[in-house]
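# Understanding the architecture of this molecule
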Amino acid sequence: MEIERIILNTTDISDLEIFLHDAFDVEYSTRGNDFFVIAFEDYFFRNNSKQLEMVVAKLEGNHIGIDVIGAAGGAGIFGISWGSENAFIRRFERIIEEYKNEKGIN
């Protein structure tokens with residue numbers, strides 16, 4: 001499992017949720033007033049496995065804290081992920097950069 005913490009300098013959590021729903025094929029979603037969780041699976045050809053990809057976002061004062069989780073991407077007897085979990089986190093970071101640029105967030 002790989003986990004990355006991202007801080008986003010905005011408080012518009014609803015707008016972020018809509019953006020991420022458009023960017024990913026979300027299979028599970030739940031939300032409250034100050035948080036949301038989205039989850040989906042992705043197939044990785046290089047190791048013939050599916051992995052769980054999850055985003056947990058919570059409003060924390062004047063920013064949004066985002067936990068990005070790539071898990072269960074391993075295959076074979078040793079559960080080697082061949083970097084698939086980390087690849088999701090890097091892809092998510094690129095999508096967040098697009099969001100920041102689109103919204104003028106530093």
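The coordinates are above.
To keep things clear, this report deals only with the structure shown in the data block.

Cut-off values and rules
Residues numbered from 1 in each chain as written. Predicted model: local features only at pLDDT ≥ 70, side-chain atom pairs only at ≥ 80, totals over all residues. Heavy atoms only, no water. Salt bridge = Lys/Arg side-chain N within 4 Å of Asp/Glu carboxyl O. Helix = DSSP H or I, 4+ residues; strand = E, 2+ residues; numbered from the N terminus. Buried < 20%, exposed > 50% of the residue type's maximum accessible area, 1.4 Å probe, protein only. Arc of directions from axis to C-beta. Core = buried A, V, L, I, M, F, W, Y, C linked by side-chain atoms within 4.5 Å. Contact = heavy atoms within 4.5 Å. Phe/Tyr/Trp six-rings, centres within 6.5 Å; stacked < 30°, edge-to-face > 60°.

## Here's the deal with the pattern of salt bridges
- Taken as a whole, this structure holds 10 salt bridges when the rule is applied.
- Where E53 meets R91, a salt bridge forms, and the shortest distance between an N and an O atom there is 3.2 Å. Taken together, the positions of E53 in strand 4 (residues 49–60) and R91 in helix 2 (residues 84–103) put the pair 38 residues apart, joining distant regions of the chain.
- The class of E53 is buried, set by a relative accessible area of 0%.
- By relative accessible area, R91 is classed as partly exposed at 27%.
- Ionic contacts of the salt-bridge type, sharing partners, join the residues E4, R90 and E93 into one network.

## So, helix 1 (residues 13–23)
- Burial in helix 1 covers these residues: I13, L16, E17, F19 and L20. Along the axis of helix 1, the buried residues cluster in a sector spanning 165 degrees; they form a single face. Exposed positions of helix 1 whose direction lies more than 90 degrees from the buried face are I18 and D22.

## Quick look at the nonpolar core
- Core analysis: the largest hydrophobic core is formed by 22 residues, its most contacted members being L8, L16, L20, I66, F88 and F92.
- Looking at this core, the elements that each hand over two or more residues are strand 1 (2–8), helix 1, strand 3 (35–44), strand 4, strand 5 (63–71) and helix 2.
- Here this core gets 6 residues from one element, more than from any other, and that element is helix 2.
- Discounting chain neighbours no more than four positions away, the residues touching F92 are I6, L20, F24, V55, I66 and V68.

## Some thoughts on the packing of aromatic side chains
- What the rule picks out here adds up to 6 aromatic pairs.
- Taken together, a centroid distance of 6.1 Å and an interplanar angle of 65 degrees make the contact between F24 and F88 edge-to-face. In this pair, F24 sits in the loop between helix 1 and strand 2 (28–31) while F88 sits in helix 2, placing the two residues 64 residues apart along the sequence. Summarising the burial analysis for this pair, F24 and F88 share the class buried.
- Feature note: the residues F24, F40, F88 and F92 constitute an aromatic cluster, connected by ring pairs.

## Considering the environment of E97
- Within the secondary structure layout, E97 lies in helix 2.
- Separated by 89 residues in the primary sequence, E97 and L8 place their C-alpha atoms 9.9 Å from one another.

In short, shape yes, function no, at least from these values alone.
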